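Structural characterization, general
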Amino acid sequence: MGCSIKGNGKDGPLILDGKPSGLILNHAYGISDIIEFQDPWAKGATTPIRLLRLRNPWGNSEWRGAWGSTSQELKKYKGLLEEYIQQLPPDEQFDLHANDGTFIIDYENWRENFSTLFLNVDFPEDWTGLRFRSAWTKSNSGGIPHRYE
């Protein structure tokens, strides 16, 4: 799986609120993992914390917002994330603070900033495929997605 941010004719850094976000327009990122956990500090029933682990194949330029390597969120939940990382197979473990292109981003920020999701399925050679753009409809997706809050 992968994703990118459509630049509408622009290349270079994505600027948010007048500051570079660390993300690059018209550039592909790999989606390495999806992480979900309950906030141990929240009281009562809460929406789970949903995160994605992305990788810039260039090995640099990482997300600087919430859950980025210097964020308050990462500092607060560092123990939980490190525990999660230790449960991964050795070849998938990563350093939260390494400047290697791997970073964490929360689902809301990912959804607001990334415009394209790439999925690759290795189908047998005798299969055919169709490409649909711009809209989810009952005829092309098996139903319209629902937003869960």
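Conventions adopted
Residues numbered from 1 in each chain as written. Predicted model: local features only at pLDDT ≥ 70, side-chain atom pairs only at ≥ 80, totals over all residues. Heavy atoms only, no water. Pairing = 2+ DSSP bridges. Helix = DSSP H or I, 4+ residues; strand = E, 2+ residues; numbered from the N terminus. Axes fitted to C-alpha atoms, helices over the stretch in contact; angles between N-to-C directions. Core = buried A, V, L, I, M, F, W, Y, C linked by side-chain atoms within 4.5 Å. Buried < 20%, exposed > 50% of the residue type's maximum accessible area, 1.4 Å probe, protein only. Contact = heavy atoms within 4.5 Å.

1. Re the sheet that holds strand E1 (residues 2-4)
As summarised here, the arrangement of the five strands in space is E6-E5-E4-E1-E7, forming an open sheet in which the pairing is antiparallel. Unpaired on one side and paired on the other, strand E6 (102-106) and strand E7 (116-118) mark the two borders of the sheet. Averaged over neighbouring strand pairs, the angle between their axes works out to 35 degrees when direction is ignored.

2. Let's talk about the nonpolar core
Judged by nonpolar contacts, the single largest core of 15 residues is most densely connected at Leu-23, Tyr-29, Leu-54, Ile-105, Trp-110 and Phe-114. When residues of this core are traced back to their parent elements, those giving at least two are strand E3 (19-25), strand E4 (29-37), strand E5 (49-55) and E6. Ranked by residues supplied to this core, first place goes to E3 with three residues. Setting aside residues up to four positions removed in sequence, Leu-54 forms contacts with Cys-3, Tyr-29, Gly-30, Ile-31, Gly-101, Thr-102, Phe-103, Ile-105, Trp-110 and Phe-114.

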